[in-house]
Amino acid sequence: MRNPPLPERPPSAVGSLDRGLRLLQLLRDYGSLRVMDAAADLDISRSSAHRLLQTLAYRGFAVQDESHVYFPGPSLDAAPARLAWTKTFRALCQPHLEVLSRRSGESANLMIRVRDTVRFLGTVRAQSVYATNDRDGVVMPAHRASGGKALLATLPEDELRQLYRRSGPGGTPGLDEDEFRSLTKTLAQISARGFAINFEETERGVAAVGVAINDRAGAAIGAISLSSHAARFTGLVDRTFVPLLLDTRAQIEKDLQIIDLEIRDH
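We now examine helix α8 (residues 177–193). With 17 residues, α8 should cover 24 Å at 1.5 Å per step; its first-to-last C-alpha distance of 25 Å lies within 8% of that length. Structurally, α8 contributes buried residues whose contacts are with α6 (146–152), α7 (157–164) and β6 (196–199). Here α8 starts with a cap whose side-chain oxygen sits 3.2 Å from the backbone nitrogen of Asp178, and that cap is Asp176. Looking one or two places after α8, you find Gly194, whose phi comes out positive at around 90 degrees.

Now the structure itself:
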């Protein structure tokens, strides 16, 4: 069977979207990209290339180092989750997130774990100048995000070892033994106290606290978190954020007692 011919660029193609997708291809194939190189490849101004790359970084498809070079972000390597129940789960949690955000004055997030990453299913941003970024659709390393840590803390050590003490795609090394032991120690502490904290581990100037959500069979299927500016976080996390998160979790889990998400592929 012959391969189908490559499609031609349609007349109705959206130029800015096409340029953004081309940048994704460059990041995928070259492994790194400077603004000047992106501008030259796309034949656009440096300012336009910078805006496109910043947008990709905002959605997790690129990351920027201190020398202003862009590299593939976690969203670029993420395979589809293919979890049929996540749409229902998000719809169930959405009103609870809205209440949580109003009560806390901060942004509330919902996520699930897919192997060693977390996928943000939704964010309800705070209605204030303190609102952190919308994380809807963002992919993050599970061992750095607060909700991801809370979910990892529910796993047995042998499953954690399978996730982190291995070579990833392309031979990328996982955690070494000392790093893995440090992770398991941190997760044991999270399990004991019932919540996890991410203090500027995924975004400069932003901190978050998260808790795992269990289905009616007692399995952790997702997590909720509150994200805040780091300067405000320390004074609010214990007396405000954690109690509100625990109350919201109780309400969500009460709903999950009467709703079957049909989680067969989790």
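Another aspect to go through is the pairing of strand β8 (residues 220–229). Where a strand is regular, its side chains alternate between the two sheet faces. Counting buried residues along β8, 9 of its 10 residues qualify, which places the element largely inside the surrounding structure. By the bridge criterion, 5 bridges tie strand β3 (residues 107–114) to β8 in an arrangement that is antiparallel. Counted as the bridge partner of Met111 is Ala223 from β8. Bridge count between strand β7 (residues 206–214) and β8: 9 bridges; the pairing is antiparallel. Each residue of the ladder has a partner; that of Val209, found in β8, is Leu226. In sequence, β7 turns back onto β8 through a hairpin of 5 residues, with Gly218 there showing a positive phi of about 90 degrees.

Along β6, the buried face is formed by Ala196 and Asn198; none of Ile197 and Phe199, which line the opposite face, is buried. By the bridge criterion, 4 bridges tie β6 to β7 in an arrangement that is antiparallel. Note that in β7 the partner of Ala196 across the bridge is Gly210. Counting the residues that bridge the hairpin from β6 to β7 gives 6 residues, and of these Glu200 lies at a positive phi of roughly 60 degrees.

Take helix α2 (residues 35–42) next. The complete set of buried residues in α2 reads Val35, Ala38, Ala39 and Leu42. The buried side chains of α2 occupy one side of the element, clustering within an arc of 100 degrees when seen end-on. Where the residues of α2 are buried, they touch α1 (15–30), α3 (46–58) and β2 (70–72). Phi turns positive one or two residues past the end of α2, at Asp43, with a value near 60 degrees.

The relation between two aromatic rings is expressed through the spacing of the ring centres and the mutual angle of the planes. Under the defined criterion, the tally for this structure stands at 3 aromatic pairs. On the basis of an interplanar angle of 45 degrees and a centroid distance of 6.0 Å, the ring pair of Phe233 and Phe241 is categorised as tilted. Given the relative accessible area of 2%, Phe233 is considered buried. On the basis of relative accessibility, which here comes to 0%, the residue Phe241 falls in the buried class. Ring-pair connections join several aromatic residues into one group, and the members of that group are Phe199, Phe233 and Phe241.

Within the secondary structure layout, Ser146 lies in helix α6. On the basis of relative accessible area, Ser146 is assigned to the buried category, the value being 3%. Once residues lying within four places of it in the same chain are set aside, the contact partners of Ser146 are Ala196, Ile197, Asn198, Ala208, Val209, Gly210 and Ser225.

This paragraph deals with unusual backbone geometry. Positive phi values are uncommon outside glycine, yet Asp43 reaches one of about 60 degrees. Here Asp43 lies in the loop between α2 and α3. The backbone phi angle of His68 is positive, close to 70 degrees, even though this residue is not glycine. Looking at the element boundaries, His68 is found in the loop between β1 (62–64) and β2.

Taking strand neighbours across the sheet as the criterion, the 6 strands line up as β5-β4-β3-β8-β7-β6 in an open arrangement whose pairing is antiparallel. Two strands in the sheet have a free side with no partner beyond their single neighbour: β5 (139–141) and β6. The mean angle between the axes of side-by-side strands here comes to 30 degrees, regardless of whether they run parallel or antiparallel. As judged from the 7 bridges shared by β3 and strand β4 (residues 117–124), these two strands associate in the antiparallel manner. What sits directly across from Ala108, in β4, is Val124. Across the sheet, helix α5 (residues 86–104) is in contact with β3, β4, β7 and β8; its angle to β3 comes to roughly 150 degrees.

Within the largest apolar cluster, 30 residues are counted, with the highest numbers of intra-cluster contacts made by Phe89, Val209, Ile224 and Leu256. Listed by contribution, the elements that provide at least two residues to this core are α5, β3, β4, β7, β8 and α9 (230–256). At 9 residues, α9 tops the list of elements feeding residues into this core. Setting aside anything within four residues of it in sequence, one finds Leu256 in contact with Phe89, Leu92, Ile213, Asn214, Asp215, Arg216, Ile221 and Leu261. Leu160, Leu183, Ala196 and Ala223 belong to the second-largest nonpolar core, a separate cluster that totals 24 residues.

Definitions and cut-offs
Residues numbered from 1 in each chain as written. Predicted model: local features only at pLDDT ≥ 70, side-chain atom pairs only at ≥ 80, totals over all residues. Heavy atoms only, no water. Helix = DSSP H or I, 4+ residues; strand = E, 2+ residues; numbered from the N terminus. Expected span 1.5 Å × (residues − 1). Contact = heavy atoms within 4.5 Å. Polar contact = N/O pair within 3.5 Å; in protein donor to acceptor, adjacent residues only side chain to side chain. Buried < 20%, exposed > 50% of the residue type's maximum accessible area, 1.4 Å probe, protein only. Pairing = 2+ DSSP bridges. Arc of directions from axis to C-beta. Phe/Tyr/Trp six-rings, centres within 6.5 Å; stacked < 30°, edge-to-face > 60°. Axes fitted to C-alpha atoms, helices over the stretch in contact; angles between N-to-C directions. Core = buried A, V, L, I, M, F, W, Y, C linked by side-chain atoms within 4.5 Å.

What is shown is where atoms sit, not what they do.
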